[in-house]
Amino acid sequence: MRLAVEVAEVDLPADLEQRFEAVLFDWDGTAVADRGADATAVRQAIEALCAASIDLAVVTGTHIGNVDGQLRARPAGPGRLYLCLNRGSEVYAVGAGGPELLERRVASAEEECALDAAAEDTVKRLAERGVQAAIVSQRLNRRKIDLIPEPEWSDPPKARIGELLAAVEARLRNAGLDGLRDAALIAEEAARAAGLPDPKVTSDAKHVEIGLTDKADSARWVFGELWRRGIGPAQVLVAGDEFGPLGGLPGSDSFLLPVEAERAVAVSVGREPTGVPRGVIDLGGGPDAFVALLSDQLERRRRGDLPRLDGDDSWMLSIRGFDPELERVQSSLLTIADGVIGTSGSPVGSHPSARPRVLAAGLYEGKGAETELVEGPVWTRLDGELPHAVAFERRLDLHAGLLRQRLGRQPDLESLLFSSPEHPGTVVLRATGVRALLETDEPLEAAPGTSVDTGEADRATWMRQPAGEGGLVVAAGERSEGDRLDRIAAYVADPTGVPDTEEAVRRLEAAQELGFDRLLAGHRRCWAERWETADIRIETDDELQRLVRFALFHLLGSAAESGEAAVGARGLTGPAYRGHVFWDADVFVLPFLAATNPRAARAMLEYRFNRLDAARAAARALGRLGARFPWESAGDGRDVTPSHAHDQAGRIVPIRTGELEEHIVADVAWAASCYLDWTGDAEFAAGPAPELFAETARYWASRIRRDRSGRAHIFGVIGPDEYHEPVDDNAFTNVMARWNLRRAATHAQGLVPEAERETWLELADALVDGFDPDTMLYEQFAGFKRLEPLVIADIAHRPIAADLLLGQERTRGAQVLKQADVLMLHHLVPDEVAPGSLEPNLSYYEPRTAHGSSLSPAVHSALFARAGRLGQAVESLRLACRIDVDDLTGTTAGGVHLATMGGVWQALVFGFGGIRATGAALAIDPRLPDAWDALELRLEYRGRPVRIRIEHDLLIVDADPAVPVSVDGRPGRRFERRGDNWEEEGK
């Protein structure tokens, strides 16, 4: 990676002694001395940096012929070279085939006339003051006016900028003007008089320019593009030669530092006549110093410096110190996952309380209730021992999916870990530090209690672990050099058979061929792309903002984007519930993925559809028709719910959820419908979906019983409120079954006989739901009103496990709920409940709800928001967000509550955003708390990105024109609030 040309050595200040991921720089005076200079050195540096996965961007006022004609760089990547030209009006990407135009701002005919008029008027006004100036060029979107059109200053080099400035200032002051500042003011006034509302007036000392764009537009584009590639401002080096003011005007390179560049490192290599602004490093040395900076970055890549994290607190989860009692909780929080492999955030060093863990998605072993998600060999372990009292910090970069660990103040050991979504199953570790802490006997360590075969092949170590009918193979290789260790591992899991070791070795070799830097660049880019359709921004609540992104991060890493995805209750962050799949996945996780990562949502549905035969068999075993999905599912789709457990007194307590919590059947159908509403997936709608809807409807048709009056009932079930069992006519179960029958009658049309569809619709109409039109209340289940009228909010601080507080017998006999499933109906199927019934049911049931389930607070947040009770909505949202980071349930050591995190997303999107995907349009009915300045949501609807910004008096929808949007029943893109309604802006 060393340059072929000789590069001068430069002493670098401390702020430049670090690895950067991108470089943004000026051209004339920074990269080259002038337009006649030899650019060989900078060309070689740029091409080498791109090969090392570094992105570069030239920002200049000149045009493509000047820059590309002088530079002639043809980088092959994977790093990118951008040329941002004509003061913010053009962007080119340069590859092996040369420049390719990406964007160009083209002035309208009216704007062109205004620019001409502004330039002519400026020359006229200056002449009136005694200053002879000349329009010297009509460049793209701007006009350039020479303030000193004299032969001596026809083409001054940057080295003479001080002399030039003095000459121009003297010329202007002799005419009674206050130097460049007055000349720029005259130009701005002329531009506004010509009809340009926001003219960009700049000066390079010799000229004043009037434009529609400036370098700040280029810089904003670059920082936005880098962010979309996973590179934050703190990882960017900005180089120029004119940051300091010129004649009272901002230096031309100060425009390289817009607000988006906050945290970037800026350096000047120029002769700054008035010095550099605070925050800019004054290095000097001109283009030679700049090339030396690039050469230094190449050397840092060669020797394997660790990348720094961006450092934006709203995208960071930091844990300082090491607490043995909290370690397993913290390692769950810091899990990194790619949908295929999940790795706990345990220290890379050894400690008795640390329990590093690697989980493989969808790979189970054991039988029945003992079936559990497989723990695979660990790839993160180093032999160095972690002291009991230690300066230790772990930081999880949520935007880039990177975990960085730092041990000791020097530090003694520093590491970076990631699990690649670009190459699922591929994991990477780079560590630097004291040699004794880097040493390790083997790169892989078998999980406790597992049996593995081991071997070596082509300098790789592999482990093969059978599991059930399938198994797992991992191959790992490492390279140690001085104070650095690089380790890459590749996992291959297959539930149908033990994979060949050759496949894992092949994937490892492919990853090693790419190398650390290319793997890192691809990994960051994939994460950034995911965030482009998933991020949520809450303005003015920084802590809630960080917690929301923490939830979204774990949701994004929970499911694979191909094949099938079995998403357990704790995802890939821990072994709680043995990794079994519950309704949580269908109702709480899948909607997020349907609206942000449809391929992963489809993979979740494939998991259910591929087990439809097992669900049919379960129904037949009960003497029923259709398909009965299991309450707890694992590898083969048979129910693996435990039959019993032991209470705190050691007594055996039966578990009947597997037998009676049958709403799971409708939940799976609801998930499929949700996916179709968001994606419009025609192949799924014509293929698996009708069969899934039909089989679930057939189950309900065979499960429902009619009384003599013709009313339909479902007897002996458990609803989401698991404190009461069994119950008859549970409102949630009955209404969800009714919804299922009606939806199947629509979606399965043509697949089933017309008579069967008519039967479904008749049963749906006949199903009782416990609704009382006088009170507008739904009875939770038949007989609920006769229970002890106990309001848990009056006697206990919630959330609380009411069955532990009151005892199971009293809890069963009281109107106290684990989670109010009546309210879940208003959340999931609002069109199936009586209009106007939300507020009375919310007021009645919420005080009676113990929130004993982690799912409950987020749902209540969404419903409080829909009811306009925004203070309570925010507090419930905050509670949901803190369930894991504060370990409120005492169970986070077993993994984070993934469904709660899905509920957080739903509270913000369905609740505060009031967003519903329908077959006709994306309906929006927002509610914004007073404490928030704005809420921004990023989604994907029918294959197109959608960005929604909600302010108190303004609603903006940024989406393709083909995306139908409805606000208060009106189509449009910009709306303003008028009273209680939203009206299209300007109408």
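Structure shown above.
Residues numbered from 1 in each chain as written. Predicted model: local features only at pLDDT ≥ 70, side-chain atom pairs only at ≥ 80, totals over all residues. Heavy atoms only, no water.

Bringing the overall build of the chain into the picture now. Looking only at helices and strands, the chain has 27 helices and 40 strands in total. Relative to the compact-globule value of 30 Å for 987 residues, the chain shows a C-alpha radius of gyration of 32 Å, a close match. Taken along the three principal axes of its C-alpha coordinates, the chain extends 105 × 70 × 55 Å. Taking all 987 residues of the chain together, 60% fall into the buried category. As displayed, the chain has an accessible area near 37100 Å², and 47% of this comes from carbon and sulfur atoms. Taking the average location of the 111 positive side-chain charges in the chain and that of its 156 negative ones, the two points are 1 Å from each other. (Helix = DSSP H or I, 4+ residues; strand = E, 2+ residues; numbered from the N terminus. Rg over C-alpha atoms; globule rule 2.2 N^0.38 Å. Buried < 20%, exposed > 50% of the residue type's maximum accessible area, 1.4 Å probe, protein only. Areas by Shrake-Rupley, 256 points an atom, 1.4 Å probe, with all protein chains shown as cover. Lys, Arg positive; Asp, Glu negative; His and termini not counted. Charge placed at Lys NZ, Arg CZ, Asp CG, Glu CD.)

Together, Asp383, Glu439, Asp441, Glu442 and Glu456 give the surface a local cluster of negative charge. On the secondary structure map, Glu439 appears in the loop between helix H9 (435-438) and strand S22 (453-457). (Patch = residues over 30% accessible without salt bridge, like charges linked within 9 Å, V, L, I, M, F, W, Y side chains within 5 Å. Salt bridge = Lys/Arg side-chain N within 4 Å of Asp/Glu carboxyl O.)

This part takes up the packing of aromatic side chains. Under the definition given, this model contains 22 aromatic pairs. For the pair Trp905 and Phe910, a centre-to-centre distance of 5.4 Å together with 70° between the ring planes defines the contact as edge-to-face. Phe910 matches Trp905 in its accessibility class, with the two residues each being buried. Members of the aromatic cluster, connected to one another through ring pairs, are Tyr577, Phe582, Trp583, Phe588, Trp631 and Phe732. Positioned above the aromatic ring of Tyr844 is the side chain of Arg848, whose terminal nitrogen or guanidinium carbon lies 3.9 Å from the ring centre. (Phe/Tyr/Trp six-rings, centres within 6.5 Å; stacked < 30°, edge-to-face > 60°. Lys NZ or Arg CZ within 6 Å of the ring centre and 35° of its normal.)

The subject of this paragraph is the pairing of strand S21 (residues 426-433). With eight of its eight residues buried, S21 lies for the most part within the structure. By the alternation rule, side chains of S21 split into Thr426, Val428, Arg430 and Thr432 and Val427, Leu429, Ala431 and Gly433, which are all buried. Pairing analysis gives seven bridges linking S21 to strand S25 (residues 484-494), with the strands arranged antiparallel. Within S25, the position partnered with Val427 by the bridge is Ala489. (Pairing = 2+ DSSP bridges.)

On to the sheet that holds strand S3 (residues 81-85). Strand order in the open sheet formed by eight strands is S5-S4-S3-S2-S1-S10-S11-S12, with mixed pairing between adjacent strands. Either end of the sheet is taken by a strand with one partner, and the two such strands are strand S5 (98-104) and strand S12 (280-282). Across the sheet, the mean angle from the axis of one strand to that of its neighbour is 20°, orientation sign disregarded. Both strand S1 (residues 22-25) and strand S10 (residues 236-240) contribute to a ladder of four bridges, which runs parallel. (Axes fitted to C-alpha atoms, helices over the stretch in contact; angles between N-to-C directions.)

Moving on: empty space enclosed by the protein. In total, this model carries six cavities of 30 Å³ or more according to the counting rule given. Approximately 70 Å³ is the volume found for the largest cavity. Contributing to the lining of the largest cavity are Thr335, Ala337, Trp527, Phe553, His554, Gly557, Ser558, Leu572, Thr573 and Leu898. Grouping the amino acids of the lining of the largest cavity by side-chain chemistry returns five nonpolar, five polar and no charged. (1 Å grid on protein atoms, 1.4 Å probe; cavity = no way out; pocket = protein on both sides within 12 Å on 5 of 7 lines; lining within 4 Å. Points joined across faces, edges and corners; volume = space filled by probe spheres on them. Nonpolar A, V, L, I, M, F, W, Y, C, P; charged D, E, K, R; others polar.)

Glancing now at helix H3 (residues 109-128). For H3, with 20 residues, the first-to-last C-alpha span of 29 Å sits near the 28 Å given by 1.5 Å per residue. Regarding H3, the residues found buried are Ala114, Leu115, Ala118, Ala119, Thr122, Val123 and Leu126. Buried residues in H3, looked at end-on, bunch into an arc of 165°, giving them a common side. H3 presents Ala109, Glu110, Cys113, Glu120, Lys124 and Glu128 as exposed residues on the side facing more than 90 degrees away from its buried surface. Buried residues in H3 make contact with strand S6 (134-139), strand S7 (142-146), helix H5 (179-193) and strand S9 (207-211). Gly130 sits one or two residues past H3 and shows a positive phi near 95°. (Expected span 1.5 Å × (residues − 1). Arc of directions from axis to C-beta. Contact = heavy atoms within 4.5 Å.)

Another point: the environment of Glu951. Topologically, Glu951 is positioned in strand S36 (residues 944-951). Take Glu951: its relative accessible area is 25%, and that puts it in the partly exposed class. Taking C-alpha positions, Glu951 is 44 Å from Pro356, a pair spaced 595 residues apart along the chain. Contact partners of Glu951, with chain neighbours within four places excluded, come to Leu928, Asp933, Ala934 and Trp982. Polar contacts involving the side chain of Glu951 include one to the side chain of Arg949, which spans 2.6 Å. (Polar contact = N/O pair within 3.5 Å; in protein donor to acceptor, adjacent residues only side chain to side chain.)

With that settled, the discussion passes to the sheet that holds strand S26 (residues 536-538). Pairing in this open sheet of six strands is antiparallel, and the strands run S26-S35-S36-S37-S39-S40 from one edge to the other. Edge positions in the open sheet fall to S26 and strand S40 (981-984), since each of these has one partner strand only. Across the sheet, the mean angle from the axis of one strand to that of its neighbour is 20°, orientation sign disregarded. Bridge count between strand S37 (residues 954-959) and strand S39 (residues 974-978): three bridges; the pairing is antiparallel. Bridged to Ile956 within S39 is Arg974.

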